[in-house]
Structures are given as structure tokens and as C-alpha cells.
Amino acid sequence: MSDVVEKTLTALPSLLSLDSQPGSAKLSTNSKLGSLIRGITELTSKHEEEKLIQRELSSIKEQVSSPNTTMRQMKELMVRTIYCEMLGYEATFSYIHAIKLAQQGNVLEKRVGYLAVSLFLNESHELLLLLVNTVLKDLQSTNLIEVCMALTVVSQMFPKDMIPAILPLVEEKLNHSKEIIRRKAVLALYKFYLIAPNQVQHIHNRFRKALCDKDPGVMSASLHIYLQLIQENPESYKDLTASFVTILKQVVAGKLPMDFNYHSVPAPWLQIQLLRILSLLGKSDQSTSEVMYEILDESLRRAEMNHNITYAILYECVKCIYTIHPKSELLEKAAKVIGNFVLSQRINLKYLGLKALTYVVHQDPRLALQHQMTIIECLDHPDVIIKRETLELLFRITNDQNVTVIVEKMLDFMSINKEDHTTADLVGKVAELAEKYAPDNEWFVETMNTVFSVGGDTLQPDIPNSFLKLLSEGFDDEEENKKLRLFAVNSYISLLQGEPSKLPQRFLQAICWVLGEYSHLREDVEPDLVLRLLVKLLNIKSTSSETKSWILMAMTKLCSGGAPLSVPLEVSETYSSSMDTMLRQRAQELQYLSQNPELQARVLPRGVSQEPMEVDSSLSFLDGFVSEALAAGAAPYKPPHQRQEELSRSKALSLEPYGLSLPISMSSCSIADRQSPTLLSVSSGLSGDRTDHSHKGGSTTLKLDGVRRVWGKEGYLAQRESAEETAPVEAPSPLQPLVQQGDGDASYSQTPTPIPECEQEKQQLASSLFVGLASQSSVCLMGKSEQTSQRFRRKLKDPAASFPSSTQNPLVSPPSSVGHLLLDSSISSDLISSPEQTHLSSVDLTVANGEVELPDRDMKGIKSTLLREDSALAAGSSPHEELDRPKDSCLTSHLPAELSGLPHSEITPLCTSPSLDLSSCHVQKDDSLVLLVFMKSSSDYDIQQIQVQVTCEELEVSCVCDSPVEELKSHGVVVCQYFLTVKSPSVYFVLSGMMSHQIPDNSLQETQFSHRIPLTSFLRPLRLSTEEYGTMWLAFSHDTKQNLPLMMDAEEPLTATLKVLKDKLQLHVVEIIGNEGIVACCLRQDQPCLLHCRVHAGMLAVWLRSPIPELPDCLLYHCQRALQES
Amino acid sequence: APMNLFMRMSLTTHSFLSSFHSHLCFVISSFQMQFMLLFSRQGKLRLQKWYVPLSDKEKKKITRELVQTVLARKPKMCSFLEWRDLKIVYKRYASLYFCCATEGQDNELITLEIIHRYVELLDKYFGSVCELDIIFNFEKAYFILDEFLLGGEAQETSKKNVLKAIEQADLLQEVRGLTILIGCARELFGGFTP
């Protein structure tokens, strides 16, 4: 008894103080926590604190493990432990006791127990399993507070595998009479959906019920689930659009209870959540977007108050408006909102304005132009965050005219920035811009020098890689190549003559490579001088051994130039006894090759043309050796990633912070998007152990397949040309702000305001920064400002462009954008090749601007074939279009006999001349594709000397009979056959052709045409065994990964999905095991592509690999399309 | 067996999913909050809530770096920060900094208002809240946070409802306290009813 009394008496003061003010157990001065806290504040040093806490913890440890400790005391102890953990001291011993407290305590003790569990453990912690029973019990409790606590902890963390145990109970709670329970149950299900989507698939209609809940709290909780579901698969939820719009209407109109108001704005969180959902639903879907225009307008109108929360809503509205199918009135209003943000004096709004501007600048470059002076001011803003965001914006509007100014600004920023992450990001961006838009060699090399020096060794490896690749591959113009290389050599020699010890290792490695390859271009410099510079570098203490390998290799190359041998011999002498095996090998090579000029010339030929060498990346020549070793009992090889995984698996728990690695922010540029985890791609690093590749196969070419092709051969030149072309247009008077020309739209044209003298400098900067934007903006409002297909291609693989909604044209659905750009480039080639077809092409050009539906209608001929042929071929049936097109049926009979049994595409008209109609179709043979061109005479007289030429850059076209058709009888039909094989894969192949024939008056008549064939027509199943597949997989270095939609409604989603792919694309399904499947196909026998498919989070995670660089991407496009259509 | 290889490979999908963002991809982005930290002007951590699973080491590192970065900022500066891949939104209330991390796509202003609403809740509960309230009753601050944000998402935005939930749980405490009081009074005064 006395024990109880004592405890009660000590509890009295705090209990009494509770009475007056609920919730404020103000400074419980007598509590042990209180004294601990006070004890800590009195301490003066970190060391003392450490001692105190350790003492505290050991006393706690003793007490928690004592059997006499009551739950009440345990609760108090747990609070203190939480405090110690917060200070950064580990108390792992207490975790189990936290679970015990949650299990055994009464309601209040339980509450602390659950809190401690949620703070101490994360969802992969093994102790969490012990909580399952407790949760189970509490979910069934009659005490609402206990049920709430259980649901709260479940919504934060729960072992994935144990979900089925509690799922029925949680589901049941969806019908609970108390809204707080229903709400928490919805959030718990949301959590389950996030960690194990398959587990909650069956209750999707329950989510709908939650959405219709009469309590707004439950309804808004269900929106979290919907946002996630819609993000993954917008198509399935289009029917809910009207409901979401209605809800938003009611919220905006203030129909919700007053408690949901926040600073007199009705339920802002709910509004924002709904706007996010709407933007996902309306994205590239005109009819759905139309449903929401009214409410968006209304939201914009209502959000008038001058408070952060209204701005938050406005910002979300703007994002939504720019994401969904555009409507000009709304866009105008959204543009005004962005303008207000940018011009705002409040720094947070200004920041958001810049961010919004960055999103929309591709769609609407004029907006940036309008605010150019503000942007310039932001560049000099004292807050680096604003500066940084401004640079991001500038990065997006860079073109070949403003590149130098923008890069200069970025480099300026880097020189003051201290943060590594930002530097790495910016360096990557500068390198990207330099490669894309470099105005001249000198600038390019110097900028790259800065990139290397500033980026230091945190530089992403693909930057030096692509730089060296660029130097080695060069462009078509040999003279230009030589100049660039020479300039680099000059620049590096002078750098090495300075203080090379300050340069980062990666830079030194690049320098060595360049000097080794190209220093001979400088005739006035003796190889000896270069050798001495390299020796100097070798002797610097800070030079890493990897760099030393590079130096030795460079020396090896230099020796072939007949340089005196004393230096290399001396060096090789020193290093051939090095402890570093790599270094020793290089030294041996140097020694051997320098003394044997003949071998040297063979191994390291100089000045050989830039033919890419074949790298046997599967190392098949070692097979014999390997099998011998295996027979002798050696362990089979495991690639590094596999080893690492096994290692991490043996530790059982993956504590990898995947949550944090998920967000690749829109700012994280480009880098390393294709590094295959197997490290098989020759390219993925410049590390020393892979240097042997370049060495082994001859020094002239670095085989860098798999590195992004950033600067295509034509790319650079094209840029330069366009720079010259636009040059006369640009040259604006520096004092005049750039207003885009000839636009009547009043809301956009900016009236030039009188400029004060002091502003002149800024104006000048503005004109150099925003040059080129004006001309771009004369493209239609929604048009992409991107102009060259080369840049498009880049963007494709560029995570920097990954911001899903706004950097893209809302008209373009992301999955089909590959199609457009390829279409775009192919069409422009049509334009060149066939002046007669300009009218057609001009329609097509809208495709480039993003509208894909239009050409569907206008190019019925070609497009419809494509679609139908896919299915016709898949079914293996003969064409079934005869009914619609009686004209074709007569041509069908002209199919050559040997091809008649094979599947063929619909016969479509190619072109018509006054006397001849050309049609074509393609027939799939097992090993190739045959293009048939039907020539049907429509004239009353015979036609002489008909010649049809068909060409395509990506295809090898061989004609069965090269000689012209001598004569075509009146109203007769002749067929020409062309065998097509793929040279380099593309999503669509566009064949251009020219037909000429003589008309009776003996003059020659020429007609041009084009024909488009999708990649799918070339695909053939590749029949493999699982083992063969396994070996091939490892050997291929080009890969792409992507999530594709899964046929969720089918009984076995994976099998159903793969069947669609198999039927539509003629793939071969090798094997399906569990939730994984492997699939193979090829273009020709030597052009295979392997797919590894896996069900993950309700999606089909597809990983494609092939030895052909472009193939995975192109095939992926068709897979995506096939799945979308079905 | 080669199939094993693929099983293992599938384990890596997580990392490739995260590193593979292109606009071809259906980017699964979440608007979920990643973590929330409360710390004093002296850099002492007062509250930490992590909505993403991280190791303790990682948490400590993030906290240390972030506290340093935020404290170094001047008062008139922007409340948003880009830090690693995250967007940090912070605000100072008296001597206490409230700091949230979200993903880059999120709407920074609404995060700022989430902080503000949380402060309002604390204020209402403690009655003009000060740092000391949170130091000495940090578990209460956690309870309030859990009623407001659950698993990184706004759970209940009505101020009234949040506080009602907390007070109901608190009330149990008092009732229980009183029962004990009555119980021992009985024992002390032997049979008298108070």
C-alpha cells in the first residue's frame, strides 16, 4: 500500500497542474527527464555530455531489464531513452523494451511504447515482427484509442510480409462508425499500397468508397492513394475525372465545414491534392482536360488573397494548366501568375516564380523574354539559392548564340559555390552545353579545361569519356578535327609546363591520352619535350597510380615517333618493379614496344582512319581457358554487382536508403544514365583496369560504345551552320530589349520602357542571354523550341529532362515522344528529298510541334498501314482490307508467287504521276523484309524505261533486278522487289525513293516518294534456351530500363502482358518463372535484343540489352506502344 | 543456374528504378515528406521524424549537415534550399527552426504552410508554445505531429480534429490519475468517501 501512496503523492503536483490547462504538463520539474535535461544544459563541454548520457543510459539499461520495473516506470524510462537517442546516443538495448511496452502497458503506456517503436525502428528492422501480435490485438480492441494507436503505427511502418495477417482487420475498419478510424485505416492501406501494391489490389473498389465518404477527412486521405494510382496508370481512372472536378468545385465554393479552412482558405491541402490529380489525368488528353478548364479558371479567380497559402494553390494551378491539354485563355492567366511571382518582392515567391518559369520555358520561351530584366537581377541576387535556380532557367534556354554568356555565368557561380553536389551538377551541365553548342574549338577546349579543373575528381566519369570520344571520333571535316586536336595539344602542353600538380587526376588522365594520341600533330614540338613533361608528371608525389598508368601508356604511344629512347627506358626500368601490377604491366609494355618498332607499329598504328574496332566484350577468346579452369575446380565468375548483392544479402537486411535515392531532381543532370551494373560495357569508366581496351586494340580509336552519343557527327556541324544562318537575324542593338517580332498578341508583346543609363549594362547582358529566344518564340505558342533532332535525341536519354509534367509539351504524351522526334527527323529528310510533297510535309511538321493525332488523319496512307500491318502481321493472317480498298485487291494478285504465302502489310499508294500509280507493301520473310513496289500504268500508252530507286540511311537496300523496267504495257502492272536489312536500328525507317520513266515525247519524268516501315516489321523471334540467354545477356553492353504498364485485369498479368508483346512484336518468350520472364528477339541473327521483364509495383519493369547501341531504345518504344494500344 | 542470375538481378531493380528517370518513363514521384527536424539556434536537435527508412548513421550525417547549412543562412533569405537531391523547406519560429525535406517536384509553399499549421497546433495545445515546452514535453509534440502528418502525408488538416484526437487520449491520463487519487484517498482515510 505504502508504495502506491508514495507514487500517487509524487504524481500529485503534475496531476493538479494538469487540471487547469489540459495538455500543458508544463515543465515537470521533478521528473527525471526534467533533471536530465537540466543536467545537460548545465554542462559546458561535449565530452561531459557524453559522460553524463552514458551514465544515464547504463542506469536506464539496468532498470529496463530489471523484472521489478513496472510499466509505468518503463514509460518514463522510454521517454528518457528517446531523448538520449535524439541527442545522438545509441540505445539499441531499449528497442525490445519499447515493443514490450506497446504490448503490455495500459493505454497511456502503450502510447509511449508505440511512439518509441516508431522513432527507434524503421520498416526493415527485424524486431518489428514482434510488434505484429500487439497490433493485431489492438486492432481488435474495443477501446477506440488503442485502435487508433495501432493504425497510426501501421501507417508508418509495418513488415511487408506480415501485411496479410492484419489486412482483413484494417479493411474492416473502413466501415467503422468513427471517421478518425476510417481515416487512419485508409492511410494504413495507402502505406500497404506503397510497400506491397499487390497485396491491396483486391480492395480497389473500397478505395472508391472511401473517396465518397461523407467525412471530408476520410475523403482527402483517400486522395493520397488515388494520386499514387493515377500517377502509375492514369488511363484506368479517367472515369473519375468528373468526380474530382465536382469535389474541387465544392471545396473551392466553400462547401466544406469551417474547420477545414486554413487562414480562411477552404481546405487548401485538399485543393492542391486535387489539382495534382487533375493534372495527371488531363495530361495529353484533350477531352479529359476540357472537363477541368472551368474549375481551373475558377480556382485561379478565387485565389486572390495575399497569403502564402493562396500562392501555393496558384502555383499548383499553374503547373496543372501547363501540364494538361492547353487552353490559350488559361495559359494567358497562368503566365500572368508566373509573372506576378517572378516580380514579387517576397523572396519565396520569386523563387517559385523562377522555378515555374524553368518548367514552362520550353513551351513558352517568350515568358522568359518578358522577364529578362528580372532574371538578370536574380543572377546577382545575394541569396545563392535564387542564383542557382536562375542558372537552371538559363540552362534551359541555352542555344548556340547565348551559350558563351550562360556558361560563363555558370562557371562564375561554381567558383563561389562550396557545395559538392551542386558543383558536380553544374559541371555536368556546362559540359553538356559545351558539347552541344560550342561556338569554336578554342572556347570548347578552354571550357572543358575549366570543367575538368573545377569538377576535380568528383567529376562524373562519362564527362571525360565523351570528351575523349569526341576528340577521337571528330566530325566529317578532317581539317576541323585536326585544328581541334591541335588546339587541345597546345593547351595541354602549356598546362603541363605550368603547375600540373594542381590539376585533378581525371584531368591529367585526359591530358595524357590526348598528348599520347595527338601531340605528333604539332610538328614544331619534339616528342622528347612531351616525354619530359610526362616524366615531370610522373615524379609529382600526388599523382595517383592510375594516372601513372595513363602516363606510361601515353609514353608508349609517343615512342613510336622515333623519340630518343633514353627517357622511356629509364622510366620503364623504375616502374617495372612497381608493386602495382597495372603499373608494372604498362612499364613492361613500354619497355618492350619502345625497343621493337615493328611490333609497335602493328599494335599502335598511327593515323589510321577512325574505324570503330570490334571489341569482343564477351571475351570469348578466353572460353577455353575458362572451361579449363572450371574443370580444374575454379569457382565460376560472378560479376561485381552480383558479388556485392550476395554480400549485402548475407547481411540479411538491406539498409540502403532507397527513399532518398529516389528523387533524381530535375536539376541532377544527365550523368551516367547508362552504366550497366555488370560493368561489361567497355565504356563505363576511365579507370586504369580498363585502359587496356584502348591499348589492346590500337591507339587510334577509343571504343566507347554505350557512352551517350552526345555529339553526333552531323550534330556539331549542323549547329554551326544554324549559327551562321541565324547570325544576321540575331545582332540586335544592345540597347533594345528583345521583343519577339511580328506578334500581334498584346498580352505578350512588351512595350519597351525608357531605359535609365545605369541599366545599360544589364540590358546588354540581357540581349546576350536571351538572344535566339525571340526567333524561337515565333514558332507556334505550344511548339517545342527544340529545333534539331539531334538535341531531341539527347534529351531522350537525359534524366535532366525528366521532369514529368512541364518541361515537355503537354500535347505530347511522354511515351510516344520518341516517335515524334524520329518522325520529325525523318520527315525533314522527306522535305529535302521531295519538293513536290511539300504540302504534305508542312502538315507533317506539326508533328514536330507535338501534335501526333493530326498526321494520323492527314497521312492516312502511311500511318494506317503501320497500325494495321502490325496486327495483321501478328495474327499471321493475310490482309483483310480488301473490302475497303477494292483497288488494292487487284494489286494483291500481283504479289510474286514466292512471297504470296507470307504475311504482308497493306498495299498503300506511294505516289502518282500522270501516267503511273506507285503503291507498295512489305512482306516479311524469315530473314529479311522485302519491299514490293507496284507500278500500275494508268495511261493508255505503254511506258518506257521505268526506274525506281529506293534508299534509306539506316537500311541496306538491295534490289532484285537493278535494270530498269523496259516497258510497261498500258494499264499493266509491274512489281519491283527490294530486300531490306537493318544497318542501324531506328523506331521507324523512312525510305525515300525516286521513280523516273519516259513519257511518249521521250522526255524523262521524275517523281519522288517516301515510305515508312516500323522497326517491328524487322523483328523476328529469337529462339533460345534459358542458358543461352544467360550467356548472351552478360555479353551485351547496351541496355535500357523502363517501367511499362502491366495488364492488371488479366488473371496472370505477366503472362498476359508478355503474350501481347509476343503477338504484336513477334518476340520469343524464353521462359517465365514466378514474376519474371525473359524474352528474346532479333533483327538478323547477329542483331539480337534480350528483354528481362519483371513485375514490380504493379508495373512491368523491363530491362533490354543488345549488342546494337540503338536497338534497346527503339524496341522499347514499340513495346510501350503495343501495350498501350492493347 | 542462369535463372538464379535473374532472380538476383531483380533485386537490383530498385536501384535502377531510382536512377532511371527519363520522360519516357512513368516517373513515380511522391509528394511525401521525407523527414522533419526541429532544432534550436544553437543547433540542438529538438525533434526528428523520419518518413523514409534510413540508417542511423545516415540520419546523423544528414542532420549535422543540414543544421549547419540552415543555421548559416541569413534571415532575409529564401526559405527553400536545394540540398543533395532534396528540397529543404525551413522556417524559424522564435528560437526554434522547423525544417522539412521533400522531393524536388513538390510545392514548397504548401510545405511551408504545413510547418506553420504544425506550429499553430503546438501553440494551441501548449498555450503560446515556447522551445521549453517542446524540450520537456517532446513526446507530446510527437503525438501531435503523428495526428497531423501520418507517414509523411497530411492526415488531418482540420485543427479542431487534430486537437480533439490528442485531448481524448490525454483525457484518459487524467481520468486514470484521478482514479488512483481516489483509490489512495480511500486507503488513507479508511472508508470515507471524499
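Throughout, a residue's number is its position along its own chain's written sequence, starting from 1. All chains are assigned letters beginning with A, and all ligands numbers beginning with 1, in the order in which they are written. With the structure being a predicted model, the display of local features is reserved for residues of pLDDT at least 70 and the display and counting of side-chain atom pairs for 80 or more, all residues being used for whole-chain, interface and lining totals. Side-chain measures here rest on the full set of heavy atoms in the structure, leaving out hydrogens and waters.

Peer 1: Mind showing me how you'd approach the side chain of A:Asp383 here?
Peer 2: Runs of H or I in DSSP of at least four residues are treated as helices and runs of E of at least two as strands, each being numbered from the N terminus. Locating A:Asp383 in the fold gives a position in the loop between helix 20 (372-379) and helix 21 (384-397). What makes A:Asp383 buried here is its relative accessible area of 1%. In terms of polar contacts, A:Asp383 uses its side chain to reach the side chain of B:Arg73, at 2.7 Å. Contacts were defined at the residue level, with two residues in contact if any of their heavy atoms lie within 4.5 Å. Aside from chain neighbours lying at most four places away, what touches A:Asp383 is A:Ile347, B:Arg73, B:Met77 and B:Cys78. Remark: exposure states derive from per-residue accessible area (1.4 Å probe, protein chains only) relative to the maximum for the residue type, with buried under 20%, exposed over 50%, and partly exposed in between. Under this definition, polar contacts are N or O atom pairs within 3.5 Å; protein pairs additionally need one hydrogen-donor-capable and one acceptor-capable atom, and for neighbouring residues in sequence, both atoms have to be side-chain atoms.

Peer 1: I would appreciate a short explanation of a nonpolar patch on the surface in the present structure.
Peer 2: Patches were defined on residues exceeding 30% relative accessible area and lacking a salt bridge, with like-charge contacts within 9 Å and nonpolar side-chain contacts (Val, Leu, Ile, Met, Phe, Trp, Tyr) within 5 Å. Using the Shrake-Rupley algorithm and a 1.4 Å probe, accessible areas are obtained, with residue cover drawn only from the displayed protein chains. Between Lys or Arg on one side and Asp or Glu on the other, a salt bridge is scored when a side-chain nitrogen of the former is within 4 Å of a carboxyl oxygen of the latter. Together, A:Leu619, A:Phe621, A:Leu622, A:Phe625, A:Val626 and A:Leu630 make up an exposed nonpolar region whose accessible area comes to about 560 Å². Checked against the element boundaries, A:Leu622 lands in the loop between helix 32 (597-603) and helix 33 (623-631).

Peer 1: In this structure, what is going on with the side chain of B:Glu113? I would like to understand it.
Peer 2: Tracing the chain through its elements places B:Glu113 in helix 3 (residues 108-126). His is not counted here, nor are the chain ends, while Lys and Arg score as positive and Asp and Glu score as negative. In this structure B:Glu113 is buried but unpaired, with B:Lys91 as the nearest side chain of opposite charge at 5.9 Å. A distance of 2.7 Å separates polar atoms of two side chains, one belonging to B:Glu113 and the other to A:Tyr262. Dropping the residues within four chain positions of it, B:Glu113 is found in contact with A:Tyr262, A:Trp269, A:His307, A:Asn308 and A:Ile309.

Peer 1: Before we go on, may I ask you to explain the packing of helix 3 (residues 46-65) of chain A against helix 4 (residues 71-86) of chain A in this structure?
Peer 2: Helix-helix packing: each pair is described by the crossing angle between the helix axes and the interaxial distance. Residue and element names in this part refer to chain A. Running from N to C, helix 3 and helix 4 cross one another at 150°; their axes reach a closest spacing of 10 Å. On the basis of the axis angle, helix 3 is roughly antiparallel to helix 4. Crossing hand, helix 3 versus helix 4: left-handed. Contacts between helix 3 and helix 4 involve Ile53, Glu56, Leu57, Ile60, Gln63 and Val64 on the former and, on the latter, Met74, Leu77, Arg80, Thr81 and Cys84. In the scheme used here, Gly and all other residues not listed as nonpolar or charged are polar, with Ala, Val, Leu, Ile, Met, Phe, Trp, Tyr, Cys and Pro taken as nonpolar and Asp, Glu, Lys and Arg as charged. Here the residues of the contact of helix 3 with helix 4 are counted per class, giving 7 nonpolar, 2 polar and 2 charged. Axis definition: a line fit to C-alpha positions, over the contact stretch in the case of helices; interaxial angles, taken between N-to-C directions, run 0 to 180 degrees. Orientation labels follow simple angle bins: below 35 degrees gives roughly parallel, above 145 gives roughly antiparallel, 65 to 115 gives roughly perpendicular, and whatever is left gives oblique. Here a crossing is taken to be left-handed if its near helix is turned anticlockwise relative to the far helix by less than a right angle, and right-handed if that turn runs clockwise.

Peer 1: Looking at this structure, how should I read the pairing of strand 4 (residues 86-93) of chain B?
Peer 2: Looking along a regular strand, one sees the side chains alternate between the two faces of the sheet. Residues and elements named next belong to chain B. Counted residue by residue, strand 4 has 6 buried out of 8 residues, so it is predominantly covered. Strand pairing is defined by DSSP finding a minimum of two bridges between the two strands. Here strand 3 (residues 80-83) pairs with strand 4 via 4 bridges, running antiparallel. Opposite Leu81, over in strand 4, you have Ile88 as the bridge partner. Where strand 3 folds back on strand 4, the antiparallel hairpin that results is connected by 2 residues, among which Arg84 adopts a positive phi of roughly 50°. Strand direction decides the pairing type here: strand 4 and strand 5 (residues 96-103), joined by 8 bridges, are antiparallel. Looking at the pairing, Lys87 lines up with Thr102 of strand 5. Counted between consecutive antiparallel strands, the loop separating strand 4 from strand 5 contains 2 residues, among which Ala94 sits at a positive phi close to 50°.

Peer 1: Please clarify how the nonpolar core should be interpreted in this entry.
Peer 2: Side chains that are nonpolar tend, in soluble globular proteins, to be buried together. Note on terminology: a nonpolar core comprises buried Ala, Val, Leu, Ile, Met, Phe, Trp, Tyr and Cys residues joined through side-chain atoms within 4.5 Å. Residues A:Tyr83, A:Val135, A:Phe192, A:Tyr226, A:Phe244, A:Met555 and B:Tyr118 are the most contacted members of the largest nonpolar core, which totals 287 residues. Look past the residues within four positions of A:Phe192 in its chain and what remains in contact with it is A:Val154, A:Phe158, A:Ile163, A:Ile166, A:Leu167, A:Val170, A:Pro197 and A:Val200. Counting 59 residues, the second largest nonpolar core, distinct from the first, contains A:Met995, A:Leu1061, A:Leu1116 and A:Ala1122.

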